[in-house]
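# Notes for the structure review
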Amino acid sequence: STEWLIYCTIPWQIACFYVASERAMWLTAIIVLAVLSGIESYFGTLGLDYAGWPMLLRCFGEAALGVIAYQCYRQGYFQFVADGKWALLALIVNGLILALPIPGVISVIGFFWLVLCAASVPEHKGYLLTWSPFVYLGKISFAIYMIHWLVLDILRKGSLYVYDSPLHTNLTLWGAFVVFVLATLSV
């Protein structure tokens, strides 16, 4: 429900940031990061362990950062550090950030950098991210995001109905993963 509400604000955010000055975008980004830091400090995480107004603020702020990232890409800001040649490094760094016991706000900054780098990957060069299976996954990623939990629930309940036991007891972890991925991609 929080994400649904935030999706309704995206057109408004795009319209506001489309005409915003660079200073206004910087100020907004700093405020958002401060709010996220406060939420993480209070709740101990930026995860999904809480609901209500903190989650609304978190999602609204992160959506604003996404729109600001698009404006930075569109206007050519940060090209010296957010070029397509840095995309794989940005992906690896973000994976390390997520694996380390450091504040989650740092990962928000890392993902901002990753989005800018990935958006700058040239379409016609031999980058790993331009490989057609990855491009296809990128095109369907939002649809996957929207249905993956439903598919997982169907597989869980189907396993209980058919085998009278959880899916993971009928398959190895990798087997369950492969079934889940194939089922999700087939939908």
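Residues numbered from 1 in each chain as written. Predicted model: local features only at pLDDT ≥ 70, side-chain atom pairs only at ≥ 80, totals over all residues. Heavy atoms only, no water.

## A closer look at the layout of surface pockets
What counts, and what does not: Both site types are read off a 1 Å grid over the protein atoms alone. A 1.4 Å probe that fits but cannot get out defines a cavity, while an open set with protein on both sides within 12 Å along at least five of seven lines defines a pocket; lining residues have an atom within 4 Å of a point. Grid points are joined across faces, edges and corners, and a volume is the space filled by probe spheres set on the points. Secondary structure elements are taken from DSSP: a helix is a run of H or I of four residues or more, a strand is a run of E of two residues or more, and numbering for both begins at the N terminus. Ten residue types, Ala, Val, Leu, Ile, Met, Phe, Trp, Tyr, Cys and Pro, are classed as nonpolar, four, Asp, Glu, Lys and Arg, as charged, and the remainder, Gly among them, as polar.
Of the voids in this model, the largest pocket is the one considered here, and its volume is about 1200 Å³. Residue lining of the largest pocket: 29 residues in total, with Tyr 7, Gly 138, Ser 141, Phe 142 and Tyr 145 positioned closest to the centre. It is helix 6 (residues 132–163) that provides the largest number of residues to the lining of the largest pocket, a total of seven residues. Tallied by class, the residues present in the lining of the largest pocket amount to 20 nonpolar, five polar and four charged. Its boundaries defined by the atoms lining it, the second largest pocket holds a volume of some 430 Å³. Around the second largest pocket, the lining is made up of 16 residues, and of these Glu 62, Ser 107, Val 108, Phe 111 and Phe 112 lie nearest the centre. For the lining of the second largest pocket, the secondary-structure elements that each account for two or more residues are helix 3 (53–75), helix 4 (87–99) and helix 5 (104–119). Counting residues per element, the lining of the second largest pocket draws most heavily on helix 5, at six residues.

## Focus: the nonpolar core
Operational definition: Residues belong to a common nonpolar core when they are buried Ala, Val, Leu, Ile, Met, Phe, Trp, Tyr or Cys residues joined through side-chain atoms within 4.5 Å. Relative accessibility under 20% of the residue-type maximum defines a buried residue, over 50% an exposed one, and the middle range a partly exposed one, all with a 1.4 Å probe and only protein chains included.
By size, the foremost hydrophobic cluster in this structure holds 28 residues, and its most contacted members are Phe 17, Leu 36, Leu 46, Leu 65 and Ile 68. Here this core takes nine residues from helix 3, the largest share from any one element. If you look at the next biggest cluster of nonpolar residues, it comprises seven residues, including Val 151, Leu 155, Ala 176 and Ala 183.

## Focus: unusual backbone geometry
Here Phe 78, not a glycine, exhibits a phi torsion of approximately 65 degrees, which is positive. Mapped onto the elements, Phe 78 comes out in the loop between helix 3 and helix 4. Of note, Asp 164 is a non-glycine position whose phi angle comes to about 60 degrees, a positive value. Examined against the element boundaries, Asp 164 turns out to sit in the loop between helix 6 and helix 7 (167–170). Judged by its relative accessible area of 68%, Asp 164 falls in the exposed class.

## Regarding the side chain of Ser 107
Counted only if it meets this: Only heavy atoms enter the contact rule, under which two residues are in contact if any of them lie within 4.5 Å.
In this fold, Ser 107 is placed in helix 5. What makes Ser 107 buried here is its relative accessible area of 12%. With near-sequence residues (within four places) excluded, Ser 107 lies in contact with Asn 94, Ile 97 and Leu 98.

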